[in-house]
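Remarks on the overall topology
As a plain string of letters, each chain reads:
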Amino acid sequence: MPRVLAERVEVELSVDQLLSAIRQLGPEERGIIRDELTSDWSQRLDRLLSQVWTRVEQEPIADAEIEREVEATRTARYARCGR
């Protein structure tokens, strides 16, 4: 259960209670919460994309290789589905 520590007062809230409390906030306050949550996800996505692009630069894949892999996967899936 999430805990909130505000001015040394601990409050335990369920997720439903937390969502209910957030819904009671005004648009500006909800925007602050949204921005904070979005910032966290944005940072994680940026790190992940950075890792992906680093790998792409280190081990580039040619279009022909991609097409072969796609075709092999399609063939295998069709065989499993009885097509």
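Above this text is the structure in question.
To start, this report covers the structure provided alongside it. (Residues numbered from 1 in each chain as written. Predicted model: local features only at pLDDT ≥ 70, side-chain atom pairs only at ≥ 80, totals over all residues. Heavy atoms only, no water.)

1. Brief notes about the overall build of the chain
For the chain, the helix and strand inventory stands at three helices and two strands. Secondary structure elements of the chain, listed N to C terminal, follow the sequence β-β-α-α-α. Computed over C-alpha atoms, the radius of gyration of the chain comes to 23 Å, more than 25% over the 12 Å expected from 2.2 N^0.38 for 83 residues, which places it beyond the range of a compact globule. Oriented by its inertia axes, the alpha-carbon framework of the chain measures out at about 60 × 35 × 25 Å. A total of 83 residues make up the chain; the buried ones form 2% of that total. Distance between charge centroids for the chain: 7 Å, based on 13 positive and 17 negative side chains. (Helix = DSSP H or I, 4+ residues; strand = E, 2+ residues; numbered from the N terminus. Rg over C-alpha atoms; globule rule 2.2 N^0.38 Å. Buried < 20%, exposed > 50% of the residue type's maximum accessible area, 1.4 Å probe, protein only. Lys, Arg positive; Asp, Glu negative; His and termini not counted. Charge placed at Lys NZ, Arg CZ, Asp CG, Glu CD.)

2. Considerations on the packing of aromatic side chains
Counted according to the given criterion, the structure contains zero aromatic pairs. Above the ring of Trp-41, the side-chain terminus of Arg-44 is found at 4.6 Å from the ring centroid. (Phe/Tyr/Trp six-rings, centres within 6.5 Å; stacked < 30°, edge-to-face > 60°. Lys NZ or Arg CZ within 6 Å of the ring centre and 35° of its normal.)

3. Description of a nonpolar patch on the surface
Residues Leu-45, Leu-48, Leu-49, Val-52, Trp-53 and Val-56 make up a contiguous nonpolar surface patch of about 550 Å² in total accessible area. Inspection of the secondary structure puts Val-52 in helix α2 (residues 27–58). Since its relative accessible area comes to 39%, Val-52 is described here as partly exposed. (Patch = residues over 30% accessible without salt bridge, like charges linked within 9 Å, V, L, I, M, F, W, Y side chains within 5 Å. Areas by Shrake-Rupley, 256 points an atom, 1.4 Å probe, with all protein chains shown as cover. Salt bridge = Lys/Arg side-chain N within 4 Å of Asp/Glu carboxyl O.)

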